[in-house]
Amino acid sequence: MGEAINITTEYITLGQFLKEAGIIDTGGMAKWFLSEFAVEVNGEEEARRGRKLYPGDVVEVEESGSFTIDTGEG
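Residues numbered from 1 in each chain as written. Predicted model: local features only at pLDDT ≥ 70, side-chain atom pairs only at ≥ 80, totals over all residues. Heavy atoms only, no water.

(A) Seen up close, the nonpolar core. Phe17, Leu18, Ile23, Leu53, Val59 and Val61 are the most contacted members of the largest nonpolar core, which has 19 residues in total. Within the residue set of this core, elements represented by two or more residues are helix H1 (14-20), helix H2 (30-36), strand E3 (39-41), strand E6 (58-61) and strand E7 (65-70). Filtering out sequence-adjacent residues up to four positions away, phenylalanine 17 remains in contact with Ile5, Ile12, Ile23, Leu53, Val59, Val61, Phe67 and Ile69. (Core = buried A, V, L, I, M, F, W, Y, C linked by side-chain atoms within 4.5 Å. Buried < 20%, exposed > 50% of the residue type's maximum accessible area, 1.4 Å probe, protein only. Helix = DSSP H or I, 4+ residues; strand = E, 2+ residues; numbered from the N terminus. Contact = heavy atoms within 4.5 Å.)

The structure is reproduced here in structure tokens:
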């Protein structure tokens, strides 16, 4: 299942997720990171930093592992 990333909003963008997960240092690095490393959301390759991620989504990041978006509730 991988590491859980808890959010308190309805969704988080892929760029925000990369920063929250500690994969990149700043939001400005997201476009570069997505052009250099493979990222999959729910098994489909994704390169849009604005892609909305909702609780239950699974994100696979090349060289960083697997993450699940969670609400932190229950």
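Next, the rest of the story.
(B) Looking closely at the pairing of E7. Relative to E7, strand E1 (residues 3-6) is paired through four bridges, and the arrangement is parallel. Bridged to glutamate 3 within E7 is phenylalanine 67. The turn joining E6 and E7, which pair antiparallel and follow one another in sequence, is formed by three residues; a positive phi near 70 degrees is taken by glutamate 63. (Pairing = 2+ DSSP bridges.)

(C) Seen up close, a negative patch on the surface. A cluster of acidic side chains, namely Glu40, Glu44, Glu45 and Glu60, defines a negative patch on the protein surface. Along the chain, glutamate 44 turns up in strand E4 (residues 44-45). Owing to a relative accessible area of 57%, glutamate 44 belongs among the exposed residues under this scheme. (Patch = residues over 30% accessible without salt bridge, like charges linked within 9 Å, V, L, I, M, F, W, Y side chains within 5 Å. Areas by Shrake-Rupley, 256 points an atom, 1.4 Å probe, with all protein chains shown as cover. Salt bridge = Lys/Arg side-chain N within 4 Å of Asp/Glu carboxyl O. Lys, Arg positive; Asp, Glu negative; His and termini not counted. Charge placed at Lys NZ, Arg CZ, Asp CG, Glu CD.)

(D) Summary view of the pattern of salt bridges. Tallied over the full model, the rule gives two salt bridges. Residues glutamate 46 and arginine 48 are paired through a salt bridge, measuring 2.7 Å at the closest nitrogen-oxygen approach. Judged by its relative accessible area of 7%, glutamate 46 falls in the buried class. A relative accessible area of 51% means that arginine 48 is categorised as exposed.

(E) Fine view of the sheet that holds E1. Judged by pairing direction, the sheet is mixed, and its five strands sit side by side in the order E1-E7-E6-E3-E4 without closing on themselves. Whereas interior strands pair on both sides, the edge strands pair on one side only; in this sheet they are E1 and E4. Pairing analysis gives three bridges linking E3 to E6, with the strands arranged antiparallel. Each residue of the ladder has a partner; that of valine 39, found in E6, is valine 61.

(F) Quick peek at unusual backbone geometry. Positive phi outside glycine occurs at asparagine 42, with the angle close to 55 degrees. With respect to the helices and strands, the residue asparagine 42 is situated in the loop between E3 and E4. One non-glycine residue with positive phi stands out, namely glutamate 63, at about 70 degrees. A relative accessible area of 69% means that glutamate 63 is categorised as exposed.

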